[in-house]
Amino acid sequence: MTKCYRPEGHLLDTPNNQALCASPAALRRAMEQEVILEGSAILCGPEHGLWVDVGPFRGYMPRTETALGIADGSTRDIAILSRVGRPVCFTVEALEEREGHLCPILSRRRAQELAQAALLDSLSPGQVLPVRVTHLEPFGAFVDIGCGVPSMIGIENISVSRIPHPSARFSVGQDIYAVVLDLDREAKRVYLTHKELLGTWAENAGRFQAGMTVPGIVRGLKEYGAFVELAPNLSGLAEVKPGLEEGDRVSVYLKAILPDRMKIKLLAIDRLPPLPGPPPLTYFITGGRLEQWKYAPAGCSRLGAETVFFG
């Protein structure tokens, strides 16, 4: 059977996962073939083991099997507690009888070992992959690259437009795309970036025309003007308007678009109500492998961000 190394949650409701969790015979086949399955973690006991709904059965995952790094202390127990109420991947390690009921013994650690080994073997710099946001810190967004294996996108690599916090771009549980920036196979780490998928200056500017009035977000204030984000990889400079603050959502009039200088001149019109969450992302690339990415348009007199993927 083909093993799947998608972020946790993608297998839970699939027909194959449901079929392999449906009976003792199916669970035994999954155990013998070391198939990765998913269930819902419903309880974390005092000893920090997880109880997991596995089809009609309730499985048990010992503390040391709940995640990579728990046994040696490199992963904190919050990684266990935070799984309650969420899908967890696992392999079936044993089938035991407890109080007259079948109790599958599960290992998320083993599923993560399999996923990590496969990902480190198959990934290369520049490769685009789907990931899921797991939590946000001021310095970056942590993501699940497969079976709960963690990686991080540093805040400086989230978008070209600067943001005060990753929550300005992402929300926990969101499915996004990322690019492999580098790999450290010895340390078993995958380093990611994101901004390259959100388009070049020309690709983003091509969605706008001088004379339009559009919404934007104030990302920076200077004496000479306000930097207003029109898209995650595109900002323009608006004339100073009294009362504007960073983070404000505003309507702006596009006075001019200047590709040779990579500039957009704006006029702030009015404040707008804030959005309930981060604005939706528009991806220009969602698959394949990048070798090089340049933000600035050809012939531009200004230098822009550039990424070269070695590997």
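Going by the structure above, here's the rest.
Residues numbered from 1 in each chain as written. Predicted model: local features only at pLDDT ≥ 70, side-chain atom pairs only at ≥ 80, totals over all residues. Heavy atoms only, no water.

Chemist: Any details on helix α2 (residues 24-33)? Residues and values, ideally.
Modeler: Here α2 has its buried residues at Ala26, Leu27 and Ala30. One face of α2 carries all of its buried residues, which in axial projection span an arc of 100°. Backbone geometry just downstream of α2 places Glu34 in the positive-phi region, at approximately 50°. (Buried < 20%, exposed > 50% of the residue type's maximum accessible area, 1.4 Å probe, protein only. Helix = DSSP H or I, 4+ residues; strand = E, 2+ residues; numbered from the N terminus. Arc of directions from axis to C-beta.)

Chemist: Break down the pattern of salt bridges for me, citing the residues and quoting the values.
Modeler: Applying the stated criterion to the full structure yields 15 salt bridges. Taking the shortest distance from any N to any O, the salt bridge between Arg83 and Glu8 comes out at 3.4 Å. Taken together, the residues span a long stretch of sequence, with Arg83 in the loop between α3 (78-81) and β4 (87-98) and Glu8 in the segment before α1 (15-20) at a distance of 75 residues. Here Arg109 ties to Glu113 by a salt bridge, and the two come within 2.7 Å at their closest N and O atoms. With Arg109 and Glu113 both in helix α4 (residues 108-122), this residue pair falls four residues apart, about one helical turn. One network of salt bridges, with partners in common, ties together Glu34, Glu65, Arg109, Arg110 and Glu113. (Salt bridge = Lys/Arg side-chain N within 4 Å of Asp/Glu carboxyl O.)

Chemist: Please give an account of the sheet that holds strand β15 (residues 263-272) that cites residues and values.
Modeler: Taken together, five strands build a closed barrel; the order of strands is β11-β12-β13-β15-β14 and the barrel is mixed. The average angle at which neighbouring strand axes cross in this sheet is 50°, direction not considered. Direction of pairing for strand β13 (residues 234-238) relative to β15: parallel, over a ladder of two bridges. Among the inter-strand pairings, Ala238 is bridged to a residue of β15, identified as Leu266. (Pairing = 2+ DSSP bridges. Axes fitted to C-alpha atoms, helices over the stretch in contact; angles between N-to-C directions.)

Chemist: With reference to specific residues and values, describe the pairing of strand β11 (residues 213-222).
Modeler: Relative to strand β14 (residues 249-258), β11 runs antiparallel, the two sharing five bridges. Bridged to Thr213 within β14 is Tyr253. Across five bridges, the pairing between β11 and strand β12 (residues 225-231) is antiparallel. Its bridge partner lying in β12, Ile217 is registered against Glu229. The turn joining β11 and β12, which pair antiparallel and follow one another in sequence, is formed by two residues.

Chemist: Any chance you could break down the pairing of β12 for me, citing the residues and the numbers?
Modeler: With respect to burial, β12 is a largely interior element, six of its seven residues being buried. With five bridges connecting them, β12 and β13 associate as antiparallel partners. From the neighbouring strand, Phe227 faces β13, where its bridge partner is Leu237. Where β12 folds back onto β13 in an antiparallel hairpin, the turn is made up of two residues.

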